[in-house]
Amino acid sequence: MAKSRKIIDVADSHAVRLMQHLVVPTFVIDPKRRVVIWNRACERLTGVAASEVIGTSRHWQAFYETRRPCLADLVALDRPEQLPEYYSEYAARGHNGLGFSAENWCVMPKLGSQLYLAIDAGPIHDEAGQLIAVVETLRDLTDQKRAEMALKELATKDGLTGLSNRRSFDQMLLGEWARAQHTQKPLALLFVDVDHFKLFNDRHGHQKGDECLRAVAGVVSRHAVRPLDLASRYGGEEFALILPEMDCDTACKVAEEIRCAVTALQIAHGAAGAGDHVTLSVGVASHIPGGADGGPDRLLGAADEALYVAKRLGRNRVICAERMLAEFAALGQEPATVPASVRRKSA
């Protein structure tokens, strides 16, 4: 029996030494979630010395500023249901035995910089099936994650203005339309068009045209103030603004603020028939989706038609789809001068 115990002790000591020299950052906690091993690679990754955490349950301080469980803690507690609460990417490889995998951003207080870590944590059991330790290993994926985020931003951003691009707009509109169908709250859409932009380019050149678009984009983006608002460049000189949970009256106020803000920029135009300064035409629509509406084409068509009317009525104005007939009547024009279907846009 003594010989058997000695063999186990020797094996344990070899395992500890091996773990200490692993190039993979690794730490081990006991069933009471106290650190028993914190290897040199883990010291280098976190900036936390083993002497600061061995024998304590303060290993979380190496990764986070406020107390929360690490992945090894969730394995020790056998709580796979808490993975979504703490990790953006995760997988439970098996209940009570095979451990968890996860990825997330860690603030790394000792380093003063964030790292994106891939984490694996697995239990070690004795012959009787009792938990004796949990091993957590870490991989630094920060460079890969940042490259992935940069590629994603390139795929979703307009290169000239920095606003969301058409692809992002289409995806967001479909998602917000579905949400509005569920909540039965209005979804507003603005189409913003720079008046006589071709004449502006012809007179001032494409470089000035790009500067003009960036200035207008800055105004539009400043009015996407809530978390779910989305400002995008729809194409050419046209911009779009998705405003969830907003009725037509409120959306028209936002549109008028945008129009006035661009006018206040006093961007010189001067082309024949265009006026002295750059102006905007804005079409506004808001709708609560019904069960028979299908996709958001109705909302797109209404905002597009309102923009068309704003241009037909002389530009430099905001037209709401709900009030187009009244606008024509006020100007003594027949609604029939607007085609029944002018929809250029679809989801």
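**Notes on the nonpolar core**
Then, number 1: Judged by nonpolar contacts, the single largest core of 32 residues is most densely connected at Leu-190, Val-194, Phe-239 and Val-284.
Then, number 2: Mapped by element, the contributors of at least two residues to this core are strand 7 (187-194), helix 8 (197-204), helix 9 (206-222), strand 9 (238-244), helix 10 (248-265), strand 10 (280-287) and strand 11 (318-320).
Then, number 3: With residues near it in sequence (within four places) discarded, Leu-190 still touches Phe-239, Ala-240, Leu-241, Leu-243, Ala-251, Val-254, Ala-255, Ile-258, Val-282, Gly-283 and Val-284.
Then, number 4: Ranked by size, the runner-up nonpolar core spans 31 residues in total, among them Ala-50, Ala-72, Ala-76 and Leu-83.

**Remarks on the state of the cysteines**
Then, number 1: Under the defined criterion, the tally for this structure stands at one disulfide.
Then, number 2: The disulfide that involves Cys-248 links it to Cys-320, with 2.3 Å between the sulfurs. On the sign convention where negative is left-handed, the bridge of Cys-248 and Cys-320, at about 115 degrees about the S-S bond, is right-handed. On the criterion of sequence distance, the pair formed by Cys-248 in helix 10 and Cys-320 in strand 11 is long-range, its members being 72 residues apart. In this structure, Cys-248 and Cys-320 share a single accessibility class: buried.

**Remarks on the environment of Ala-268**
Then, number 1: Within the element layout of this structure, Ala-268 appears in the loop between helix 10 and strand 10.
Then, number 2: Note on Ala-268: relative accessible area 46%, which makes it partly exposed.
Then, number 3: It is 9.9 Å that separates the C-alpha atoms of Ala-268 and Thr-279, two residues lying eleven residues apart in sequence.

**What about the pattern of salt bridges?**
Then, number 1: Inspection of the entire model under this criterion finds 17 salt bridges.
Then, number 2: Residue Asp-120 is joined to Arg-139 by a salt bridge in which the shortest nitrogen-to-oxygen separation is 3.9 Å. In this pair, Asp-120 sits in strand 5 (residues 115-125) while Arg-139 sits in strand 6 (residues 131-140), placing the two residues 19 residues apart along the sequence.
Then, number 3: Among the residues examined, Asp-120 registers a relative accessible area of 25% and is labelled partly exposed.
Then, number 4: Looking at Arg-139, the relative accessible area reads 44%, which means it is partly exposed.
Then, number 5: Salt bridges sharing common partners tie together Glu-176, Arg-179, Lys-185 and Glu-245.

**Re the sheet that holds strand 9**
Then, number 1: If you trace the five strands from one edge of the open sheet to the other, you get 8-9-7-10-11, paired in mixed fashion. At either margin of the open sheet sits one strand with a lone partner, and together these are strand 8 (230-235) and strand 11. On average, each strand axis in the sheet is tilted by 20 degrees relative to the strand beside it, whichever way the strands run.
Then, number 2: Taken together, the eight bridges between strand 7 and strand 10 define a ladder with antiparallel strand orientation. Paired with Leu-190 across the strands is Val-284, a residue of strand 10.
Then, number 3: Relative to the sheet, helix 10 contacts strand 7, strand 9, strand 10 and strand 11, its axis offset from that of strand 10 by approximately 165 degrees.

**Observations concerning the confidence of the model for the protein chain**
Then, number 1: Residue-level pLDDT values for the protein chain average 88, and 88% of them are 70 or greater.
Then, number 2: Taken as a whole, residues 1-11 scores under 50 in pLDDT and shows one contact with residues more than four places along the chain or in a different chain.
Then, number 3: Low confidence marks residues 335-342, where pLDDT is under 50. Its contacts with residues over four positions away, or in another chain, come to 15 contacts.

**Things to note about unusual backbone geometry**
Then, number 1: Its identity as a non-glycine residue notwithstanding, Asp-78 has a phi of 55 degrees, on the positive side.
Then, number 2: Here Asp-78 shows up in the loop between helix 4 (71-77) and helix 5 (83-86).
Then, number 3: Phi is positive for Gln-266, close to 55 degrees, though the residue is something other than glycine.
Then, number 4: Here Gln-266 shows up in the loop between helix 10 and strand 10.

So, how was this worked out
Residues numbered from 1 in each chain as written. Predicted model: local features only at pLDDT ≥ 70, side-chain atom pairs only at ≥ 80, totals over all residues. Heavy atoms only, no water. Core = buried A, V, L, I, M, F, W, Y, C linked by side-chain atoms within 4.5 Å. Buried < 20%, exposed > 50% of the residue type's maximum accessible area, 1.4 Å probe, protein only. Helix = DSSP H or I, 4+ residues; strand = E, 2+ residues; numbered from the N terminus. Contact = heavy atoms within 4.5 Å. Disulfide = S-S within 2.5 Å. Salt bridge = Lys/Arg side-chain N within 4 Å of Asp/Glu carboxyl O. Pairing = 2+ DSSP bridges. Axes fitted to C-alpha atoms, helices over the stretch in contact; angles between N-to-C directions. pLDDT = per-residue confidence, 0-100.

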